[in-house]
Each structure stands twice: as structure tokens, then as C-alpha cells.
Amino acid sequence: MIRMDGGDAEHVAQALRGDQDAFRVLVERHSRTLFRLAFRMTGNEQDAEEVVQEAMLRAYRRLDKFEARSNFGTWLYRIAVNCSLDMMRKRRPEKAQRQLAKGDESEMQDPLDTAVSNDPGPDRLMLSGELGEQVKVAMMQLSPVERTAFVMRHFEGNSIEEIGETLGLGAGATKNSVFRAVQKLRQHLGPLVGHGQAKSATGEI
Amino acid sequence: MESERIVMKYTGGHLNEEQLLDYRYGDLADAGATGEQTIEQHLHECAQCRTSYEALQGVLAMVEALPVAEPGPHFEARVWNKIAPQLTRPGFDWSKLTAWMSPKNLAICGTVAALIVVAFFAGRISLPQKNVTPGTAQGVENVSARANEPGQVRERILLVAVGDHLDRAQSVLLEISNAETSGVGSKRDQVVDISEQQERAQEMLISNQLYRQTAVHSGNNDVASVLDELEPVLLEIAHSPSKVSSSELEELQRGIESRGLMLKIRVLDSTVRNKEKPATQPQHSATRGS
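Residues numbered from 1 in each chain as written. Chains lettered and ligands numbered in written order. Predicted model: local features only at pLDDT ≥ 70, side-chain atom pairs only at ≥ 80, totals over all residues.

In terms of regular secondary structure, chain A is built from 10 helices and 0 strands. Here the analysis covers contacts within chain A between residues at least 6 apart in sequence; of these, 65% occur between residues at least 24 apart. (Helix = DSSP H or I, 4+ residues; strand = E, 2+ residues; numbered from the N terminus. Contact = placed C-beta atoms within 7 Å.)

This is the structure we're talking about:
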């Protein structure tokens, strides 16, 4: 989770006095981190980039609401989470929303899904091709709230309280959102886990 | 190959899915009385739970291994070049004005707003004839005629829709408020199934948002205010577990009670229903200007 500080407060103060170059420093400092968060939530490079732009714009427009004693990175992070949520809801087809309300999750692929990066790092080679696509599909089957709760919990290490505050949910509903997300991921990916670690309906190990 | 069917179960002596997840994330206070060491000991001793936990770990590892795209070396400059022309002055938030303007919302709200505008102008154009005395046959005929004009009819249709929505909301909230946990064991272990109420709350969320936006735009602040208070409660119900414990149920009931939501919805529903009825009696001039 973003915990950067050191120097942000001064640049915020300068930006509030009209110094756009000071805000540019903040943009350059935090954009990449926000991109990674947004990519995990939206699953899509173009959407992630759009989320970062929107988050920076919202932050600029609400800069007067930022409390100097707070951590700017954390504040910006929350804005980016909400922008990602808005993006996921915007991309979600209305038909899929109705289907989800009825419990039908058969057609939930993100229509703007793109291929993952071709960066051939060794730790990434283990998850390529169809397996990677299955993981992406599984993530896209989560509702916006579930995906947000899961990303914040699993990748960003946020507490249930922090997630609930961001999503406007109580602790019980927040925990349940994380739980449902993991349940759905297990339903989709469980049979793909190798080395005899999962039971399938056919008994295949 | 069929997908693994994940069943939330708690059979004697085994850990359920939720407990495994709490253990994974270090949230054992929420999982109940079982401490971390007890769970570790159990996983060491119980092959079934160990297999289940390893399967969970395997899935999470797969998700973690999914590469995160890198945006390229000039990403920061690209972001700045996009947003710089839109930076007016800090603290001025255009986004609040446009946040609701998704294409879907625009299409639906536009239709409803157009109906309201038509109803407004229909009312303005068809002013009562000043030389007609209220209470006379001509006065009654005029009022009845205006009540059946297309604009008035459309407005009543809108009010009927909001009234129906409030009726459904009352029904869901009443069922949650009156629910009680049941089952064997101590009260702490009892649960109540709210999946039916969840489904209805989920379906109502989108319409609630649209009615609220329409009410805001038509200046109907009373309606907007109540729908604004209703939304987080519907959200909470929709995203709670389908089987809630007594403490979770109490949390939901407190959320309804603390807002005085039931009373507010009843009052508003009554007001809306009264407005739905077309005026068949001429109004006195003293009330016409209010």
C-alpha cells in the first residue's frame, strides 16, 4: 500500500498556491504505483491509465480538501480505488449486471480485456498463455465490489476497516465481499491448481 | 472437467472456508475463539483441512503470479500531458457535476427528466381560467381535464414508480428488522438466511440511484434525501453474507433503526401516494399559489 510521504506536503501546499509544476512532481511520483493498483482492479492497461489520469485530476480538484497532516499517498490511493470502481462499473455491460443479479455469471468477460505484458521475467513465465487468461477471466468474474475488496486485501494489505471505509460497507459486508471473491476464484481456478493440491469433481488430482 | 464445487461447511472437527481465509490473512479474531496455534496444529494433524488450505494457497498463488503490466518509460509524462490542459484551479471539482453522467444514467434520467419537464410545462400552459368559479361544474370539469393531460399523467406514472419502489424498500427493511436467528447451539452460533432479501436489495440498488438522481434534478429534495439514506442500507444488505449471524443481523438492524428509516419511508410513501391521485376536486385559490 502507498505509504510515501516526505516532501509531498510541501508540493501540495505549493500546488494549492497555483504552482502546477509542484503538482507535476506529485503526478510523476505516484503515477506508476497507482497504475499497478488500477491494473489489478480493471485488468486492462488502457483502463488503468485512464484511471490514473482521472485520479490525478480528481486529486487536483479536491486538493483543498486534503488535510496536510495526512499522508498524501494514502489519500491519493483512496481516490484511485474509487476511480477504478467507477471504471469497472462503467465497463460492466448492463446485461451482465442483470445476469449477476439473477446469479448467472456465465458471460462476465471484460470486453476490453487485453493481453498481459510480454515482460519475460522468470517469475512470470510460470503463468503464461491459457493459464494466465484463465486467471484474468476469473478476476473479471468478480463484481466490482468483490474485486476491489480482494485487491485491497490481498495485494495492498489493507485492513477490513480500511476497505470498508473505502467501499462504504460495514465490517461484515466487507469481509463477506473478500470471502465471496476468493470463493469465486477457487471455483474457477481450483481445478487448475496442480501438484495434487485440489480435488475436482472427477477426482482428478 | 467440472469445476470444484466449493461448499461452505462446518462439520465437527474441521475448519470452514472462512476460518481458513481468516487464518491466511491473519484475521483470527474475526474467525472466533480458535487461535493461530490451534489452527496450525489442526492443519498439521488433519489431512483434509491441510489439503483444503493448500488448495486455497495454490489459487491465491496463481492470482499473484499474474503479471502486472508495466506502462512504459514515458508513462508519467503521458499522464501529465493528458491532465495538464484540464487543470483549472485546485479545489474546483467539475467531476461532481459529471460523476453521475454515465451513458446509461443519462439515457434513463434523460427520459424521466423529459417527462418531468413536459409535466411542468403542461401545468404552466394549462392555467385555470380566472373567470371560472371553483366548485362549479365548469371548475370541476377544468380540474379533471388538466388531471388527464399527458404531462400530468406522466408525472403520476413517475410517482407511482417511486411509490412502488418505496413499498418494496419497506418490505425488505421490515423483514430484516423483524428477522431472528435460529438453529442449534448458542445464540452466537445461530444464523438467519437473508438471501431472498439480498436479492431484492441488489435489484433495487440501481433503481434507487436513478430515482434519487431524478428527484435531485426535479428539485424534489424530500424524496432525494430519503433515497440517499436508503442506498447504503440496501448496499449493506446486498453485500452481507447470505446467512448472517446474530451479531451481523443486529448490525443490519441497527443501521436501519439509527437512521429512522422505516418511519421516513412510510411518511414519504404516504406523501407520494397522495400526489399520485389526480385532482378531481377544484382547489381553493388560497392553496393554489403554494
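This is not the end of the story, as more comes after the structure.
This part covers the overall build of chain B. Tallying secondary structure elements over chain B gives 14 helices and 2 strands in all. Across the 290 residues that make up chain B, the buried fraction comes to 24%. Long-range pairs, those at least 24 residues apart, make up 68% of the contacts in chain B with a sequence separation of at least 6. (Buried ≥ 20, exposed ≤ 12 C-beta atoms within 10 Å, placed from the backbone.)

The subject of this paragraph is the packing of helix α4 (residues 72–91) of chain A against helix α8 (residues 144–155) of chain A. If you want to describe how two helices pack, look at the angle between their axes and the distance between the axes. All names here are of chain A. Running from amino to carboxyl end, α4 crosses α8 at an angle of 145°, the nearest separation of the two axes being 9 Å. For the element pair α4 and α8, the recorded crossing hand is right-handed. Contacts between α4 and α8 involve Val81, Ser84, Leu85, Met88 and Arg89 on the former and, on the latter, Pro144, Arg147, Thr148 and Met152. Per-class residue counts for the contact of α4 with α8 are 5 nonpolar, 2 polar and 2 charged. (Axes fitted to C-alpha atoms, helices over the stretch in contact; angles between N-to-C directions. Left-handed = near helix turned anticlockwise from the far one by under 90°. Nonpolar A, V, L, I, M, F, W, Y, C, P; charged D, E, K, R; others polar.)

As a further point, take helix α10 (residues 171–189) of chain A. Its 19 residues place the ends of α10(A) 27 Å apart at the C-alpha level, agreeing with the 27 Å of an ideal helix rising 1.5 Å per residue. Most of α10(A) sits inside the fold, with 15 of its 19 residues counted as buried. (Expected span 1.5 Å × (residues − 1).)

A few words on the environment of Ala15(A). Structurally, Ala15(A) can be placed in helix α1 (residues 8–16). Distance from Ala15(A) to Leu63(A), taken between C-alpha atoms, is 8.3 Å for residues 48 residues apart in sequence.

This brings us to the nonpolar core. The tendency in soluble globular proteins is for nonpolar side chains to be buried as a group. One finds Ala38(A), Val52(A), Ala55(A), Met56(A), Ala80(A) and Ile237(B) to be the most contacted residues of the largest nonpolar core, which totals 94 residues. Excluding residues that lie within four positions of it along the chain, Met56(A) makes contacts with Val27(A), Val79(B) and Ile83(B). (Core = buried A, V, L, I, M, F, W, Y, C linked by C-beta atoms within 7 Å.)

Attention shifts here to the environment of Val151(A). All names here are of chain A. Inspection of the secondary structure assignment puts valine 151 in helix α8. Accessibility expressed as a C-beta count within 10 Å gives 25 for valine 151, which makes it buried. Through-space distance from the C-alpha of valine 151 to that of alanine 38 is 9.6 Å; in sequence the pair is 113 residues apart. Discounting residues that sit within four places of it in the chain, valine 151 has contacts with Arg40, Met41 and Glu156.

All names here are of chain A. Looking at chain A as a whole, its pLDDT mean stands at 79, while 74% of the residues score no less than 70. Taking the mean pLDDT of every element in chain A, the minimum, 44, falls on helix α6 (residues 122–125) and the maximum, 95, on helix α3 (residues 45–61). Scored below 50 in pLDDT, residues 195–205 makes 22 contacts in the model with residues more than four places away or belonging to other chains. (pLDDT = per-residue confidence, 0-100.)

So, about the environment of Met88(A). Secondary-structure assignment places Met88(A) in helix α4. Since 23 C-beta atoms lie within 10 Å of it, Met88(A) is described here as buried.

Residues and elements named next belong to chain B. This prediction gives chain B a mean pLDDT of 74; 63% of its residues lie at or above 70. Predicted confidence is poor over residues 124–129, with pLDDT under 50, and the contacts of this stretch with residues over four places away or in other chains come to 4 contacts. Overall, residues 281–290 carries pLDDT values under 50, and its contacts beyond four positions in sequence, including any with other chains, amount to 9 contacts. This complex was scored by the predictor with a pTM of 0.58 and an ipTM of 0.73.

To continue, consider the packing of α3(A) against α4(A). Residue and element names in this part refer to chain A. Between α3 and α4, the least distance of the axes is 9 Å, while the angle of their chain directions is 130°. Between α3 and α4, the crossing angle belongs to the class labelled oblique. With respect to the hand of their crossing, α3 and α4 are arranged in right-handed fashion. Contacts from Asp47, Glu50, Val51, Glu54, Ala55, Arg58 and Ala59 in α3 reach Leu76, Ile79, Ala80, Cys83, Ser84, Met87 and Arg91 in α4. Within the contact of α3 with α4, the residues separate by chemical class into 8 nonpolar, 1 polar and 5 charged. (Parallel < 35°, antiparallel > 145°, perpendicular 65-115°, else oblique.)

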